[in-house]
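In case you want the letters, here they are:
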Amino acid sequence: CVTWPGRVPEGKRIDGLTYALDLHATILDYAGVQPAEGIESKSLRPLIEGKTDKTHDALHGAVFAHASCAHPEGEATRSAARDVYAIYVRTDRWKYVLYTQAVGAKNQKYIWTVAQMGEPPERSKGQQNLYDLDADPYEMNDLSARPEHKARLAAFRKQALDWCQALGAQTLVG
């Protein structure tokens, strides 16, 4: 929900895909300042003012370990290659996750939060998850093993790895 008395109607809701970082570009846009080139932040102003209904076709991200200080190598060796355990692509309909390292009981204290909502998932490095958010908004049915989604998985995997490479990150999954 976005509010700005006199500029944005109270309770204005944006349903499209957005990053929290988009607030940065939005504030700069309203201030008349151009955001830096090459960042994924996009102004939400066109959405707020009803000039478009979409800002991003897809969102990309990395999921970092919540307690990097608990890693056996300690805090001093922090790096994306060590601390990212999954990367993802999210569209209006689909959510794709690629695990860049194994997740489970062995690294639970490093990966999982203290205020966990259950046990961490058991995942192997390179494992993928695919969810149809229209049919399964709570992500209960992983479709990654279904043959009819093979091409979709390959396309999302490429998108996720291309996103990492564009950011200058070393390849996280072989």
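Everything that follows concerns the structure shown earlier in this document.
Reading the values: rules and limits
Residues numbered from 1 in each chain as written. Predicted model: local features only at pLDDT ≥ 70, side-chain atom pairs only at ≥ 80, totals over all residues. Heavy atoms only, no water. Buried < 20%, exposed > 50% of the residue type's maximum accessible area, 1.4 Å probe, protein only. Helix = DSSP H or I, 4+ residues; strand = E, 2+ residues; numbered from the N terminus. Pairing = 2+ DSSP bridges. Expected span 1.5 Å × (residues − 1). Contact = heavy atoms within 4.5 Å. Axes fitted to C-alpha atoms, helices over the stretch in contact; angles between N-to-C directions. Core = buried A, V, L, I, M, F, W, Y, C linked by side-chain atoms within 4.5 Å.

Draft legend 1. Structural view of the pairing of strand E6 (residues 128-132). Buried residues dominate E6, accounting for four of its five residues. Direction of pairing for strand E5 (residues 94-99) relative to E6: antiparallel, over a ladder of five bridges. Across the sheet, the residue bridging to lysine 95 is tyrosine 131, located in E6.

Draft legend 2. Seen up close, helix H5 (residues 150-166). Taking 1.5 Å of rise per residue, 17 residues should cover 24 Å, and H5 covers 24 Å from first to last C-alpha, within 8% of that figure. Next to the buried residues of H5 lie strand E3 (59-64), strand E4 (84-90), E5 and E6.

Draft legend 3. How the structure looks around the sheet that holds E3. The antiparallel open sheet is built from four strands, whose spatial order is E3-E4-E5-E6. Sheet topology places E3 and E6 at the edges, where each strand pairs with a single neighbour. Averaged over all pairs of adjacent strands, the angle between strand axes in this sheet comes to 15°, irrespective of strand direction. Across six bridges, E3 lies against E4 in antiparallel orientation.

Draft legend 4. Here's a closer look at the nonpolar core. Counting 14 residues, the largest nonpolar core has Ile87, Val89, Trp94, Tyr96, Leu130, Phe156 and Ala160 as the members making the most contacts within it. Residue assignment for this core shows that the elements contributing at least two residues are E4, E5 and H5.

Draft legend 5. Highlighting the environment of glutamine 127. In this fold, glutamine 127 is placed in the loop between helix H4 (108-111) and E6. You can call glutamine 127 partly exposed: its relative accessible area is 27%. Contact partners of glutamine 127, with chain neighbours within four places excluded, come to Val97, Leu98, Tyr99 and Glu122.

Draft legend 6. Geometry of the side chain of threonine 55. Mapped onto the secondary structure, threonine 55 falls in the loop between helix H2 (45-48) and E3. Using a relative accessible area of 15% as the deciding quantity, one classes threonine 55 as buried. Setting aside residues up to four positions removed in sequence, threonine 55 forms contacts with Leu17, Lys42, Ser43, Leu44 and Leu47.

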